[in-house]
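The chain contents come next:
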Amino acid sequence: MPENKTTPVEKAAVKYKTGLLVSNSPHMVTKLDTKRTMLYVLIALVPCAVAATIFFGPGALARILFGAIFAFLAEFCYDKIMKKPDTTGDLSCLVTGTILAMNVPADFPIWMLCIGCCVAIIIVKCLYGGIGRNIANPAIVGRIVLLLSWTSYMTTWPVTNFQKATVDATTGATPLGLLSDGTIATTPVSLGQMFLGNIGGALGETCTLAILIGGAFLIWKKIISPIIPCAFIGTVFLFALLYYGFAGAPAGYNAFTMALFHVLAGGVCFGAFFCATDYVTSPIMKRGKWIYGIGCGAMTMIIRLFCSYPEGVSFAILFMNIMTPLIDRYVERSFYGIAKKEKQEKAAAKAEAKAAESSGKEGAKA
Amino acid sequence: MIFRKKHLTSIDAGHYKNTADQQTEVMPVPAVVKISMSENIGAPCKPLVKKGDYVKKGQLIGDTDAFLSVPIHSSVSGTVLGIETMRSAMGGNDTYVVIESDGKQEEEETTAPVIEDQPAFIKAMRASGLVGLGGASFPSWVKFNPKNLVDIDTLIVNGAECEPFITSDHRTMLEDAQDVLDGAQAMMKWLQAENGYIAIENNKQNAIDKFNKMIVEQGIKNLHVFPLQARYPKGAERVLIYEVTGKQCDAGVLPAALGVIVSNITSTAFMGKYLKTGKPLTWKRLTVDGDAVANPKNVLVPIGASVHDVIEFCGGYKKEPRKILMGGPMMGRAIYSDEQTILKANNAILAFSAEQAAIPEETACINCGRCHEACPFDLLPTKFADAYQHKDVQALRDLQVMQCMECGSCSYVCPAHRPLAFMNKLGKAMVKEADKNARK
C-alpha cells in the first residue's frame, strides 16, 4: 500500500477553505475612479489659478479658494440637513466651486460668490439628485444667476497688475465689451496680450496659455476627449472668419485676426476645456460630442454677433447642456440603426395594411 | 462597428505576468482526484466505471452518445472510490468520478493515431478528449468539423493570453513550441487552410522570436507569427479575427462562416503531442498566482486534482484567501470553496487576500462614457444597465445587447465602479427569456 493513501477519516480532516467571496467578473477595476478624475481636473485648473494670481493679485486666489470652500460647505450641509450619505468625498463640489469662482471678476464681492455656489450646488446639482443627475452644468448656471442678479458687479472688470502701470484707472473693459460698444477701432487690443491674459475679464478665463496647459494635461490623462474643445473652438474660429470675411472687419483687423480675436476673447477657451466637457451634461458618443461642440461654438457666435450680450459662452453651453439628452438619443438611434429599422418596419406595416385593404376590397367585389 | 478601424478598442488592464520566467513544475500525484463529468459545453458524460474498479492513467472513464460531447480519461492510476455529486463552480450539481491514486501512474497503452483522411482526424480529435482550452471548453472536434469545410482558408492559433496574471500559454509556447507547430500544421492540413497565423501579444517577445526562428529553420511556408498589441481583450475570438484578418465577426456568427477557425495555443500544442503519442488529455498546465499564494508558479496538474492540493503544492496560502478564481481576473469565475477540482479548460488558479478581493463601493454614474470608449464593439453598457433596470427588452434589443461578449472592459474602466458587465449579462438573459416566451 502506498503511504499517501488517505482513509475517509483523514480525508475529512483536510481543511478546505469554504465560504469564499463569489462575485461576478471582472475581479479587478481601474484606480481611476470619480474622485481621482475630479482631482485631475483640479490639478488642471492650477495653471489658471496661478495666472489669475499673477495678473489680478492675491484677491483672485482668495476668490478661487472661497469658491471651493463655499461649494464644499453647501454640499456638506445639504447632505447633513437632508440626511443623505455624504457625497463630498468625490471632490466634484470643489471642481464646481473653483470653476464658478474663475468665472467672476477678480474684485467680486465674496458674499455674492457664496450665493452663486449655493445656487450651483444645491439647486442645480443636489436637488436634481446629486452628481450624475443634473441636467445643466452647475458652475455655468451659477454664473448665469450671478450675471442676471448682479449684472453691474459681474461686468465691471478690474485692470490687471501690468495694465495698471500704463492705464490710470481701476477698471477696464473686456475686448468683447470694446467690440460690442464699437470702440475697438479706437482702442485696439493686441492678440499677444490676449493670449497671455493681460486683458480685462473673469479671473480664470483671460490667460489662454494657462488654459491650454490645463487642457493639454486633461487630454493627456485621457480625462476629457479632445473632440468637444476642438469642435467648439474650431466652430467659433470658422464662424468668425466667415462672418468678418463677408461683413468686413473693424479697422485695424482683418477676418483672420478677428477670428483669432473671438477665440482668445472672453470664455471660449475656458468654457471649451473646462465647462463644456463636464461629463454629466455632455453627450457620450463621439458623433454626439461633435454635434455638441459645434453647437456650443455656433451658439456662442450667434449671441456675440447678433444679440445684445457681448459674451455668450455660458448661455451657449447651457443651451447645449439642455440639448444633450436629445443629441444622445439621436446619435444612439442613428448609430445602431434603430431609426432606420423603425422606418422600415413602419413602411412594411403600411404596405401590409394597404395589401390587406386592397384584398379586402377585392373580397367585397367578389 | 460602422467605421473601418485598424484596431478594435481595447484597454490597458495591467499585465502582472509574474510567473512568465518560471519553468513549469510537475505536481506530484495527489491522493485523490475527483474528475468532473461535465468538462465541456454541451452534454455531460456518463461514468463508464463503478466503485471498486481499477483504472489506469489515460483510461476512458466517461463518455456519452450525445453530439456535443467529448470523452473523459482518468488522470491517475488507482481505484475508483465512487461516483459523487457535488455543486460545481458553475452552480449546477455535477457528477464526479472519485479515484484514489495508487501513485504508480500505470499508463494505458497508447499508439499514435493513424490519420489518412479528414474524418479520421476528427475522430482522433474527439478520442483525445480535447476541448477548447482557452476557457470556453467547446468540444474541439465539433469546431474543426464545420459544415462549410471547403470555405475555411485561415487558421488562427490564439496565443494572445491577454488576461492579466496568466502565463500558462506563454510557458506552453516556450516549452512545447515544436508541438504547437506540429499541431498547427496538422490542423491546417486537415482543414485545408491556406494560411495559418500564430497570434501572440507583443509583450511575449521571446515567444514571437522563438516561433519566427523555428518557422524559418523548418522552412514552413504558410504559417506566420502575428504580433498583437499587448492590450485587453485582444485574445477574445471575435476581436482576434478582426485584428488578424480584418473580418467582422458579429455575435451568433460562427468564425467558420467567415472561413476562419481559431484554436487556442495550448489546444494546438496538445493536438501536436497527441498525434505523436496518442496520449489523451489528462494533465494541464496552470498558472497559480495571486497575493495569497506563497510561491506563485506554473504547474502541470492532473485534471481532477482539488484546488486545495494545487495550492498546497505551491507552498500553501501565504495569507488568508478571500477570493479564489478559476481563470483570469477579467473573465474568470470565482469559486466558493477550494474543494473544487481542476477542469480541462482551466488555465489559472488565482487566490487573493481580503484587501485584493475587496469590491469597491458603487457610486453614481457620471455619464463619462468611458464604458462606451472601452467597448471593443462600440456598445453602450451604461444604457444597457439603464434598460435592464427598467426591464426594457425592446431597448436592449435595439442597442444590440446580444453583441456583448462579456469581456468586462466596461466594468474595469467605470470610475463609479458599476457592475456593468454583470448587468449586460443579466440584460442578455432577459432578452433570451423574452425571445423564448415569444416563440411559445
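About the thresholds
Residues numbered from 1 in each chain as written. Chains lettered and ligands numbered in written order. Predicted model: local features only at pLDDT ≥ 70, side-chain atom pairs only at ≥ 80, totals over all residues. Heavy atoms only, no water. Helix = DSSP H or I, 4+ residues; strand = E, 2+ residues; numbered from the N terminus. Rg over C-alpha atoms; globule rule 2.2 N^0.38 Å. Buried < 20%, exposed > 50% of the residue type's maximum accessible area, 1.4 Å probe, protein only. Contact = heavy atoms within 4.5 Å. Domains from an automatic or database assignment. Salt bridge = Lys/Arg side-chain N within 4 Å of Asp/Glu carboxyl O. Axes fitted to C-alpha atoms, helices over the stretch in contact; angles between N-to-C directions. Parallel < 35°, antiparallel > 145°, perpendicular 65-115°, else oblique. Left-handed = near helix turned anticlockwise from the far one by under 90°. Nonpolar A, V, L, I, M, F, W, Y, C, P; charged D, E, K, R; others polar. Buried area = accessible area lost by both parts, 1.4 Å probe. Patch = residues over 30% accessible without salt bridge, like charges linked within 9 Å, V, L, I, M, F, W, Y side chains within 5 Å. Areas by Shrake-Rupley, 256 points an atom, 1.4 Å probe, with all protein chains shown as cover. Pairing = 2+ DSSP bridges. Polar contact = N/O pair within 3.5 Å; in protein donor to acceptor, adjacent residues only side chain to side chain. Phe/Tyr/Trp six-rings, centres within 6.5 Å; stacked < 30°, edge-to-face > 60°.

Things to note about the overall build of chain B
Then, in step 1: Looking only at helices and strands, chain B features 14 helices and 17 strands.
Then, in step 2: Over its C-alpha atoms chain B spans a radius of gyration of 22 Å, differing by no more than 12% from the 22 Å that the globule rule assigns to 440 residues.
Then, in step 3: Expressed along its principal axes, the backbone C-alpha trace of chain B runs to roughly 60 × 50 × 50 Å.
Then, in step 4: Counting the 440 residues in chain B, one finds 60% classified as buried.
Then, in step 5: Taking as baseline every contact in chain B between residues at least 6 positions apart, the subset at least 24 positions apart corresponds to 73%.

Let's talk about the domain arrangement of chain B
Then, in step 1: Domain boundaries assigned for chain B yield domain 1 (29-102 + 282-356), domain 2 (118-277) and domain 3 (370-439).
Then, in step 2: Taking only C-alpha atoms into account, the centre of domain 1 of chain B sits 32 Å from that of domain 3 of chain B.

Considerations on the pattern of salt bridges
Residues and elements named next belong to chain B.
Then, in step 1: Tallied over the full model, the rule gives 27 salt bridges over all chains.
Then, in step 2: In this structure, Lys57 and Glu107 form a salt bridge, with 3.8 Å as the shortest nitrogen-oxygen distance. Separated by 50 residues along the polypeptide, Lys57 in the loop between β4 (54-55) and β5 (60-63) and Glu107 in the loop between β8 (93-101) and α1 (118-127) bring together distant segments of the chain.
Then, in step 3: Accessibility expressed as a relative area gives 17% for Lys57, which makes it buried.

Looking at the packing of helix α2 (residues 34-56) of chain A against helix α11 (residues 208-220) of chain A
Residues and elements named next belong to chain A.
Then, in step 1: Interhelical geometry of α2 versus α11 gives an angle of 165° and a closest axis separation of 8 Å. Between α2 and α11, the angle falls in the class roughly antiparallel. As α2 runs across α11, the sense of the crossing is right-handed. Taken together, the residues of α11 that come into contact with α2 (itself represented by Tyr40, Val41, Ile43, Ala44, Pro47, Cys48 and Ala51) are Ala210, Ile211, Ile213, Gly214, Phe217 and Leu218.
Then, in step 2: Taken together, the residues of the contact of α2 with α11 sort by class into twelve nonpolar, one polar and no charged.

Concerning the interface of chain B and chain A
Then, in step 1: In this complex, chain B contributes 66 residues to the contact, which on the side of chain A involves 41 residues.
Then, in step 2: Together, the buried faces of chain B and chain A total about 4700 Å²; carbon and sulfur atoms form 58% of this surface.
Then, in step 3: Where chain B meets chain A, there are four salt bridges.
Then, in step 4: Those elements that place two or more of their residues in the side of chain B that touches chain A are β8, β15 (321-326), β16 (333-335), α10 (370-374), α11 (381-389), α12 (393-398), α13 (409-413) and α14 (420-439) of chain B.
Then, in step 5: Examining the composition of the side of chain B that touches chain A, we find that five residues originate from one element, β15 of chain B, more than from any other.
Then, in step 6: Residue composition of the side of chain B that touches chain A, by class: 35 nonpolar, 16 polar and 15 charged.

Remarks on a nonpolar patch on the surface
Then, in step 1: Taken together, the side chains of Leu61, Leu65, Phe66, Ile69, Phe72 and Leu73 of chain A present a nonpolar region at the surface, about 490 Å² in accessible area.
Then, in step 2: Assignment of secondary structure puts Phe66 of chain A in helix α3 (residues 58-81).

Brief notes about the pairing of strand β2 (residues 32-36) of chain B
All names here are of chain B.
Then, in step 1: Of all five residues making up β2, five are buried, and the element is well covered by its neighbours.
Then, in step 2: Along β2, one buried face is formed by Val32, Lys34 and Ser36 and the opposite face, lined by Val33 and Ile35, is buried too.
Then, in step 3: Here β2 pairs with β8 via five bridges, running antiparallel. Following the sheet pairing, Ile35 is matched in β8 by Val97.

A look at helix α13 (residues 255-264) of chain A
Residues and elements named next belong to chain A.
Then, in step 1: Counting buried residues in α13 gives seven out of ten residues, a clear majority hidden from the surface.
Then, in step 2: Within α13, the full set of buried residues consists of Ala255, Met258, Ala259, Phe261, His262, Val263 and Leu264.
Then, in step 3: For α13, the elements touching its buried residues are α9 (175-181), α10 (191-196), α11, α12 (227-247), α14 (268-275) and α15 (286-306).
Then, in step 4: Sitting at the head of α13, Asn254 places a side-chain oxygen 3.1 Å from the backbone nitrogen of Phe256.
Then, in step 5: Two residues or fewer after α13 comes Gly266, characterised by a positive phi angle close to 60°.

Quick word on unusual backbone geometry
Then, in step 1: Of note, the bond from Ser25 of chain A into Pro26 of chain A is cis; its omega dihedral lies within 30 degrees of zero at -5°.
Then, in step 2: By the secondary structure assignment, Pro26 of chain A is in the loop between α1 (8-13) and α2.
Then, in step 3: Each neighbour pair has its own omega, and for Tyr232 of chain B with Pro233 of chain B the value is -5°, a cis peptide bond.
Then, in step 4: Inspection of the secondary structure assignment puts Pro233 of chain B in the loop between β11 (223-228) and α6 (237-245).
Then, in step 5: Phi angles above zero are rare outside glycine, and Lys222 of chain A is one such case at about 60°.
Then, in step 6: Unlike most non-glycine residues, Gln400 of chain B shows phi in positive territory, near 60°.
Then, in step 7: Looking at the element boundaries, Gln400 of chain B is found in the loop between α12 and α13.

Comments concerning the sheet that holds β5 of chain B
All names here are of chain B.
Then, in step 1: Strands sit in the order β3-β5-β6 across an open sheet of three strands; the sheet is antiparallel. With partners counted over all chains shown, the strands left at the sheet margins are β3 (46-47) and β6 (72-73), one partner each.
Then, in step 2: With two bridges joining them, β3 and β5 adopt antiparallel strand pairing. Residue pairing for β5: Pro47 is matched across the bridge by Gly62.

Quick word on the domain arrangement of chain A
All names here are of chain A.
Then, in step 1: Under the domain assignment, chain A is made up of domain 1 (34-158 + 188-223) and domain 2 (224-335).
Then, in step 2: When each unit is reduced to the centre of its C-alpha atoms, the spacing between domain 1 and domain 2 is 20 Å.
Then, in step 3: Summed over both sides, the interface between domain 1 and domain 2 buries roughly 2700 Å², with carbon and sulfur atoms accounting for 76% of that surface.
Then, in step 4: In this assembly, domain 1 and domain 2 are joined by zero salt bridges.

Things to note about the sheet that holds β8 of chain B
Then, in step 1: Pairing within the open sheet is antiparallel, and its four strands lie in the order β2-β8-β7-β4 (chain B). Where the open sheet ends on each side, the last strands, each with one partner, are β2 and β4 of chain B.

Details of the packing of aromatic side chains
Then, in step 1: According to the stated counting rule, one finds 19 aromatic pairs over all chains in the structure shown.
Then, in step 2: Centroid distance Phe66 of chain A to Phe70 of chain A: 5.7 Å. Interplanar angle 25°. Geometry classified as stacked. Separated by four residues within a single helix, Phe66 of chain A and Phe70 of chain A lie in helix α3, roughly one turn from each other.
Then, in step 3: Looking at Phe66 of chain A, the relative accessible area reads 34%, which means it is partly exposed.
Then, in step 4: Given a relative accessible area of 17%, Phe70 of chain A falls into the buried group.
Then, in step 5: Ring centres of Tyr197 of chain B and Phe226 of chain B lie 6.2 Å apart, and the angle between their planes is 85°; this geometry places the pair in the edge-to-face category.

Some thoughts on the pairing of strand β17 (residues 348-353) of chain B
Residue and element names in this part refer to chain B.
Then, in step 1: When you tally the buried positions in β17, you get six out of six residues, the bulk of the element.
Then, in step 2: Burial along β17 is two-sided: the residues Ala348, Leu350 and Phe352 and Ile349, Ala351 and Ser353 are all buried.
Then, in step 3: By the bridge criterion, three bridges tie strand β13 (residues 283-289) to β17 in an arrangement that is parallel. Looking at β17, one finds that Val288 is bridged to Ile349.
Then, in step 4: For β15 and β17, the ladder comprises five bridges, and the chain directions are antiparallel. Within β17, the position partnered with Ile324 by the bridge is Ala351.

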